[in-house]
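# Fold and contact review
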Protein chains: 2
Amino acid sequence: MKVTIRDVARAADVSVATVSRALNGTDTVSADTLEHVLKIAREMDFVPHAGARSLSLRRTDTIGVLLPDLHGEYFSELIRGLDLGARGTGHHLLLSASHGDIAEAVAALRTMRSRVDGLVVMSPFADGESVSGALSGKVPLVMIGGSEGAGARFSVDNHAGALAVTRHLLEMGHRDIAFVSGPADNVDSRERLRGYRDAHREAGIAPRPVVQGDFREDSGFEAGTLLLSNGLPDAVFAANDAMAIGCLRAFRGAGLSVPGDVAIAGFDDIPMARLIEPALTTAGIAIADMGREAIELCVAMVRGEAEAPERRLFAPTLVIRASSGAKQERAAPPSRPIREEVR
Amino acid sequence: MKVTIRDVARAADVSVATVSRALNGTDTVSADTLEHVLKIAREMDFVPHAGARSLSLRRTDTIGVLLPDLHGEYFSELIRGLDLGARGTGHHLLLSASHGDIAEAVAALRTMRSRVDGLVVMSPFADGESVSGALSGKVPLVMIGGSEGAGARFSVDNHAGALAVTRHLLEMGHRDIAFVSGPADNVDSRERLRGYRDAHREAGIAPRPVVQGDFREDSGFEAGTLLLSNGLPDAVFAANDAMAIGCLRAFRGAGLSVPGDVAIAGFDDIPMARLIEPALTTAGIAIADMGREAIELCVAMVRGEAEAPERRLFAPTLVIRASSGAKQERAAPPSRPIREEVR
DNA sequence: CCGGTTTATGTAACCGGTTACAGTCGTCAT
DNA sequence: ATGACGACTGTAACCGGTTACATAAACCGG
């Protein structure tokens with residue numbers, strides 16, 4: 001049987017109130033008693049029951065995290081940042097994935113709601129309202145990505161990032177640039193597409209039809225294969241790095257040189273992006289930082305230190321590497337990547 | 001204010017017991033009442049307080065997970081598997097990282113203990129006892145990796161995997177094979193080293209001195225740089241894929257051809273391994289499966305359906321790709337990777 | 001029409017913490 | 001000497017669920 005605060009009180013020959021006060025330091029306890037109680041509690045290996053504690057304190061010291069997926073390096077980085085934030089603020093992390101299903105996401109939020117003090121939700125759906133609506137303001141909420149809905153919102157300036165990447169490809173002399181999108185209803189992907197189109201508008205060039213992907217690497221491979229048979233462009237801009245890498249694989253498999261025959265750029269700057277051959281030009285997001293700050297804001301909201309409807313926009317960094325090199329020109333790429341702040 | 005079961009009972013004009021029974025289906029409730037109560041509960045958006053529930057039920061429906069680190073694809077895959085297992089068994093996942101610090105790990109286990117029904121702990125330390133000792137059998141425990149200690153244990157047959165990889169390198173004609181290890185006190189790394197040495201013993205070849213790494217990619221890069229100046233071997237076997245990739249980067253940066261000038265092999269078969277250039281020969285572990293099964297076993301133990309001291313050994317698969325090709329021979333590698341079961 | 005069983009529901013005692021409130025005791029200024 | 005005050009500690013009422021036990025109503029064969 002587990003040892004309870006009453007067991008400790010009996011062993012230390014004091015009341016439960018004194019034990020509670022000694023352990024939490026909430027009220028005055030004489031030095032002798034304090035020491036004695038702590039010693040007994042340590043000897044008995046007493047750990048207070050979190051459920052009982054949350055019942056009377058009305059807090060759980062836990063932040064819930066709901067992610068659409070856990071596949072690939074993007075989420076690995078994000079989770080790392082989330083853990084850093086939780087650890088830093090003395091909170092636990094309750095993690096769940098919704099696998100892209102809205103109904104499942106709403107169900108997960110329901111069961112999480114009573115176990116956490118606040119939630120960080122990454123909702124890739126255009127109708128983020130249904131997700132935040134499921135909570136109806138009952139729990140402090142920080143949304144990462146997505147568009148509308150209650151709660152604070154963390155987002156990446158997808159439009160600016162895509163604009164910068166596309167402008168860069170145009171400057172490198174590429175004229176026929178293909179865009180590989182994420183899922184049709186994904187807001188981040190849509191905004192990146194808008195940036196891609198605006199850059200074309202500026203340059204007075206009509207863009208190609210969009211190739212649809214789903215953010216997973218395999219869909220990038222398929223997109224690359226499709227482009228191989230449908231007329232190769234000068235360059236490909238994929239809506240994220242995973243698809244860009246898949247696309248690269250398709251091209252190299254067909255014996256093409258990148259960037260000699262076709263240039264490639266992605267979005268996110270996942271750790272892998274600088275390791276592949278050729279290293280990938282991309283719009284970099286400080287993924288882990290974003291996760292950490294999301295938790296920190298959520299905790300601040302729980303503590304009542306922050307306003308609820310705060311917005312935070314992360315500006316991506318244009319990271320120029322070898323994969324976007326000018327067509328034909330096979331000269332050595334710059335040895336160190338050039339980091340250039342967008343705006 | 002939150003809506004409680006008493007609020008629902010009042011609104012539905014029944015007792016709290018009836019509401020509880022209706023919601024949990026634990027006891028007979030008339031069809032009319034059942035429907036009526038569920039309707040009211042739905043309208044009021046009632047979510048039972050998890051703390052109160054865990055207090056009387058003595059269970060939390062949560063499994064705690066403690067990992068040494070969250071960096072890189074290995075953990076991304078592992079977490080994905082853990083989430084799959086938790087979702088499949090209807091449990092929540094409480095995630096934490098100990099950042100390699102034993103004291104921190106023990107502290108984390110203490111605070112987790114009262115919030116979970118069971119724990120899955122990945123302890124890379126040789127003295128796993130101190131970790132499992134911190135729990136002293138009070139919570140069902142599944143350890144991943146590590147050596148001794150209480151609880152069930154999931155491990156990879158590191159020795160067999162390393163033996164297979166080293167034999168393969170020897171068969172490819174490499175004689176001078178360097179080993180890049182993980183942290184000195186890491187049990188997995190030690191076992192891999194043992195497999196590497198045993199393969200050399202079989203072949204009657206004296207191995208090189210070990211190059212020490214820490215499982216992170218950067219340490220692989222440093223190891224590669226060291227090898228470049230200390231006399232290049234025929235091949236490098238790194239104790240995990242991340243370091244193998246770092247090493248590869250160092251060699252390519254120096255203008256060497258892999259596997260033409262030096263062959264490389266790793267361990268784990270992280271998703272990135274097949275995407276890099278050249279694709280990496282490695283000992284493959286079904287990382288996500290291991291995570292999922294660890295959770296499933298832990299849940300079975302919580303339910304009393306499984307014996308505590310169960311052991312499970314995962315046999316790695318030798319995955320032969322381009323990076324281990326014979327020295328000198330620059331011929332095209334097999335187009336499809338050859339998967340060959342160890343044993 | 002009646003004792004016995006089944007079905008449906010309510011009452012209240014838990015689960016294990018926290019804390020308002022009350023009480024005791026010693027100190028000190030008046 | 002005494003009332004006020006502060007320091008310390010104990011009692012018991014919460015927090016919000018679950019469920020053993022009690023009770024009432026309905027149904028049954030004889």
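What comes next concerns the included structure.

## What to know about the relation of the copies chain B and chain A
Rotating chain B by 180 degrees and moving it 0.0 Å along the rotation axis overlays it on chain A with an RMSD of 0.1 Å. The transformation relating the two chain copies, once decomposed into turn and shift, fits a two-fold axis. When each C-alpha of chain B is compared by its distance to the rotation axis, Gly51(B) comes out closest, at 1.9 Å. When the interface residues of chain B are mapped onto chain A, 100% of them are again interface residues, pointing to one common binding face.

## Focus: helix 5 (residues 73-88) of chain B
All names here are of chain B. For helix 5, which comprises 16 residues, the first-to-last C-alpha distance of 23 Å matches the rise-based estimate of 22 Å (1.5 Å per residue) to within 8%. The buried count for helix 5 comes to 13 of 16 residues, which makes it a mostly enclosed element. One or two residues past the end of helix 5 sits Gly90, with phi positive at roughly 70 degrees.

## Some thoughts on the nonpolar core
Core analysis: the biggest nonpolar cluster contains 149 residues, and Val120(A), Phe237(A), Val120(B) and Phe237(B) have the highest contact counts within it. When near neighbours in sequence (up to four residues on either side) are disregarded, Val120(B) contacts Ile63(B), Gly64(B), Val65(B), Leu66(B), Leu82(B), Val142(B), Ile144(B), Ala294(B), Ile295(B) and Cys298(B). In terms of nonpolar packing, the next biggest core, distinct from the first, is built from 24 residues, Leu66(A), Ala108(A), Met112(A) and Met143(A) among them.

## Comments concerning the packing of helix 1 (residues 5-12) of chain A against helix 3 (residues 31-43) of chain A
Residues and elements named next belong to chain A. For the pair helix 1 and helix 3, interaxial distance at closest approach is 9 Å and the crossing angle is 125 degrees. Viewed along their axes, helix 1 and helix 3 adopt a mutual orientation that is oblique. The hand of the helix 1/helix 3 crossing is right-handed. For the pair formed by helix 1 and helix 3, the contact residues are Val8, Ala11 and Ala12 on the first element and His36, Val37, Ile40 and Ala41 on the second. Split into classes, the residues belonging to the contact of helix 1 with helix 3 amount to 6 nonpolar, 1 polar and no charged.

## Observations concerning the pairing of strand 6 (residues 177-181) of chain B
All names here are of chain B. Counting buried positions along strand 6 yields 5 of 5 residues, so the element is predominantly enclosed. Every second residue of strand 6 is oriented toward a common face, with Ile177, Phe179 and Ser181 on one face and Ala178 and Val180 on the other, all of them buried. Pairing of strand 6 with strand 8 (residues 235-238), which is carried by 4 bridges, proceeds in the parallel orientation. The residue of strand 8 that forms the bridge with Ile177 is Ala235. Across 2 bridges, the pairing between strand 6 and strand 7 (residues 211-212) is parallel. Each bridged residue has a counterpart across the sheet, and for Ser181 the counterpart in strand 7 is Gln212. A crossover connection joins strand 6 to the parallel strand 7 through helix 9 (residues 187-203); in handedness this β-α-β unit is right-handed.

## Overview of the interface of chain B and chain A
Across the contact, 55 residues belong to chain B and 55 residues belong to chain A. Across the interface of chain B and chain A, roughly 4,600 Å² is buried in total on both sides, 53% from carbon and sulfur atoms. Area buried by chain B at its contact with chain A is led by Arg87(B), His92(B) and Leu275(B), which between them contribute 13% of it. The interface formed by chain B and chain A includes 6 salt bridges. A salt bridge links Arg113(B) to Asp45(A); the nearest nitrogen and oxygen atoms lie 3.0 Å apart.

## Considering the protein's contact with DNA strand C
The environment of DNA strand C is formed by 29 residues, the closest being Ile5(A), Arg6(A), Ser20(A), Thr18(B) and Thr33(B). Sugar and phosphate atoms form 60% of the subset of DNA strand C atoms that lie within 4 Å of the protein. If one sorts the elements of the surface near DNA strand C by residue count, helix 4 (residues 50-57) of chain A sits on top with 5 residues. Here the surface near DNA strand C is composed, by residue class, of 14 nonpolar, 11 polar and 4 charged.

## Description of the packing of aromatic side chains
Each aromatic ring pair is specified by the distance between its two centres and by the angle formed by the two planes. Throughout the structure, instances matching the rule amount to 8 aromatic pairs over all chains. On the numbers, 5.0 Å between centres and 35 degrees between planes, the contact of Phe179(A) with Tyr196(A) is tilted. You can see Phe179(A) sitting in strand 6 (residues 177-181) and its partner Tyr196(A) sitting in helix 9 (residues 187-203), a full 17 residues away along the chain. Aromatic pair Phe154(B) and Phe314(B): ring centres 5.7 Å apart, planes at 40 degrees, arrangement tilted. Within this pair, whereas Phe154(B) is found in strand 5 (residues 152-156), its partner Phe314(B) is found in strand 11 (residues 311-314), the two being separated by 160 residues in sequence. An identical accessibility class is assigned to Phe154(B) and Phe314(B); each is buried.

## Overview of the pattern of salt bridges
Residue and element names in this part refer to chain B. Summed over all chains, the structure comprises 40 salt bridges over all chains. In this structure, Arg249 and Glu217 form a salt bridge, with 2.9 Å as the shortest nitrogen-oxygen distance. Here Glu217 lies in helix 10 (residues 217-229) and Arg249 lies in helix 11 (residues 241-253), a separation of 32 residues in the sequence.

Criteria and cut-off values
Residues numbered from 1 in each chain as written. Chains lettered and ligands numbered in written order. Predicted model: local features only at pLDDT ≥ 70, side-chain atom pairs only at ≥ 80, totals over all residues. Heavy atoms only, no water. Least-squares fit on C-alpha atoms with pLDDT ≥ 70 in both. Contact = heavy atoms within 4.5 Å. Helix = DSSP H or I, 4+ residues; strand = E, 2+ residues; numbered from the N terminus. Expected span 1.5 Å × (residues − 1). Buried < 20%, exposed > 50% of the residue type's maximum accessible area, 1.4 Å probe, protein only. Core = buried A, V, L, I, M, F, W, Y, C linked by side-chain atoms within 4.5 Å. Axes fitted to C-alpha atoms, helices over the stretch in contact; angles between N-to-C directions. Parallel < 35°, antiparallel > 145°, perpendicular 65-115°, else oblique. Left-handed = near helix turned anticlockwise from the far one by under 90°. Nonpolar A, V, L, I, M, F, W, Y, C, P; charged D, E, K, R; others polar. Pairing = 2+ DSSP bridges. Right-handed = clockwise from strand over helix to strand, strands pointing away. Buried area = accessible area lost by both parts, 1.4 Å probe. Salt bridge = Lys/Arg side-chain N within 4 Å of Asp/Glu carboxyl O. Near = heavy atom within 4 Å. Phe/Tyr/Trp six-rings, centres within 6.5 Å; stacked < 30°, edge-to-face > 60°.

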